[in-house]
Amino acid sequence: MQRFGPSGYLFTNSSPLNITFVQETMTLAEWLASLDNLHIQRSQINQMIMEYLVLEGYKGAAEKFKLEAGFDSMPSMDGNDPIDGDDVSKSSFDERIRIREAIEEGKINHALFLINHFYPELIDQNRDLYFRLQQQQLIELIREQKTVEALSFAQEQLSVDEEYLDLVELERTLALLAFDKPESSPYADLMGIAHRQQLASQVNEVILREQSGSAEFVKPKFATLIKLLLWTQNDLEKKKAKYPKITDLSNAVIAPSNDD
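Regarding the packing of helix α2 (residues 42-56) against helix α11 (residues 221-238)
- Remark: α2 packs on α11, axes separated minimally by 7 Å, with the N-to-C direction vectors making an angle of 105°. One way to sum up the angle between α2 and α11 is to call them roughly perpendicular. In this structure, α2 contributes Met-48, Glu-51 and Tyr-52 to the contact, and α11 contributes Lys-221, Phe-222, Ala-223 and Leu-225.

The following block contains the structure:
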């Protein structure tokens, strides 16, 4: 049997253990035409998008998308099957949103208060996550140019749990103090909004995992597909393969290969 792989390669599978790859040149136009022939139900795409928005705690976006996509009600947030599983309380959704918003706004002390209030055992059971939250608090002090407070905080708070202390991350964070403009330093990624967002997602995932009661909490399918796409493109780059590459995920911009 012959078929094209996602990288533009034609392969013949004569047996389960005998796969032969033969390079087949494919233009960007041909690649886009092949994508047009893929038949994916819009409802499936909508479900994945809604699942991502609900599980990640983007309530406002989820409510707007619910209207646009024609959902009768908000999908459930069950860890194993978010769309078809049993509903959890609306208050649980709101709790996660409040925690996410606090972290993304840099209000880490308030986020910790909310976490301890709604999920009293979460911090004690996830000390590595606690370090990440404390690290972000240190970053916020540096952002506010509170150097003395930052050094005191690092000494008194971040060195308490030595077992969960990430020395590399601590050193990177303290290195920000050596620069007049830390946002322009080699460690500027720590100062970005994306760092807050990543932490908020980590906290959100831990909460959902605790709620589901399973260590194998299933992440949103949409996020998994994006990671798979990026991994596949990176793998093709390493193999120096020529393929139509998605260069802008937000706008679905596809760049042609060198031969197009």
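Alright, that's what it looks like, and here's the rest.
Remarks on the layout of surface pockets
- Counted as a void, the second largest pocket has a volume near 410 Å³.
- Lining the second largest pocket are 18 residues, and of these Tyr-52, Glu-56, Ser-201, Ala-223 and Lys-227 lie nearest its centre.
- Among the elements of the structure, α2, α10 (193-212) and α11 are those that each provide at least two residues to the lining of the second largest pocket.
- At eight residues, the largest contribution of residues to the lining of the second largest pocket is made by α10.
- Residue composition of the lining of the second largest pocket, grouped by class: eight nonpolar, five polar and five charged.

Here we look at the pairing of strand β4 (residues 245-248)
- Inspection of the sheet shows β4 paired to strand β5 (residues 253-255) by three bridges, in the antiparallel sense. If you follow Asp-248 over to β5, its bridge partner there is Val-253.
- The hairpin formed by β4 and β5 contains four residues between the paired strands, and Ala-252 there has a positive phi angle of roughly 55°.

Some words on the pattern of salt bridges
- Applying the stated criterion to the full structure yields 11 salt bridges.
- Across the pair Arg-172 and Glu-169 runs a salt bridge, and its minimum N-O distance is 3.2 Å. Taken as a pair, Arg-172 and Glu-169 lie in helix α9 (residues 167-175) at a separation of three residues, close to a single helical turn.
- Three or more residues joined by partner-sharing salt bridges are found here, namely Glu-140, Arg-143 and Arg-196.

Points about the environment of Glu-149
- Tracing the backbone through its elements, the reader meets Glu-149 in helix α8 (residues 147-156).
- Separated by 11 residues in sequence, Glu-149 and Leu-138 have C-alpha atoms that sit 8.8 Å apart.

Topic: the nonpolar core
- Core analysis: the largest hydrophobic core is formed by 18 residues, its most contacted members being Ile-99, Ile-103, Ile-115, Leu-122, Leu-133 and Val-203.
- Elements that contribute at least two residues to this core include exactly α4 (90-104), α5 (108-118), α6 (122-125), α7 (127-143) and α10.
- Excluding its chain neighbours within four sequence positions, the residues that come into contact with Ile-99 are Ala-111, Leu-114, Ile-115, Phe-118, Tyr-119, Val-203 and Ile-207.
- Residues Leu-141, Ala-150, Leu-176 and Leu-190 belong to the second largest nonpolar core, which totals 13 residues.

As for the packing of aromatic side chains
- For the coordinates displayed, the defined rule picks out two aromatic pairs.
- When the ring of Phe-118 is compared with that of Tyr-119, the centres are 6.4 Å apart and the planes differ by 65°; the resulting orientation is edge-to-face.
- According to the relative accessible area criterion, Tyr-119 is buried, its value standing at 14%.

A short note on the environment of Arg-98
- Along the polypeptide, Arg-98 turns up in helix α4.
- Counting along the chain gives 13 residues from Arg-98 to Ala-111, while the straight-line C-alpha distance between them is 7.9 Å.
- Apart from residues no more than four positions distant in its own chain, Arg-98 is found in contact with Leu-114 and Phe-118.

Procedures and definitions
- Residues numbered from 1 in each chain as written.
- Predicted model: local features only at pLDDT ≥ 70, side-chain atom pairs only at ≥ 80, totals over all residues.
- Heavy atoms only, no water.
- Axes fitted to C-alpha atoms, helices over the stretch in contact; angles between N-to-C directions.
- Helix = DSSP H or I, 4+ residues; strand = E, 2+ residues; numbered from the N terminus.
- Parallel < 35°, antiparallel > 145°, perpendicular 65-115°, else oblique.
- Contact = heavy atoms within 4.5 Å.
- 1 Å grid on protein atoms, 1.4 Å probe; cavity = no way out; pocket = protein on both sides within 12 Å on 5 of 7 lines; lining within 4 Å.
- Points joined across faces, edges and corners; volume = space filled by probe spheres on them.
- Nonpolar A, V, L, I, M, F, W, Y, C, P; charged D, E, K, R; others polar.
- Pairing = 2+ DSSP bridges.
- Salt bridge = Lys/Arg side-chain N within 4 Å of Asp/Glu carboxyl O.
- Core = buried A, V, L, I, M, F, W, Y, C linked by side-chain atoms within 4.5 Å.
- Buried < 20%, exposed > 50% of the residue type's maximum accessible area, 1.4 Å probe, protein only.
- Phe/Tyr/Trp six-rings, centres within 6.5 Å; stacked < 30°, edge-to-face > 60°.

So far we have only geometry, and geometry alone does not tell us how the molecule works.
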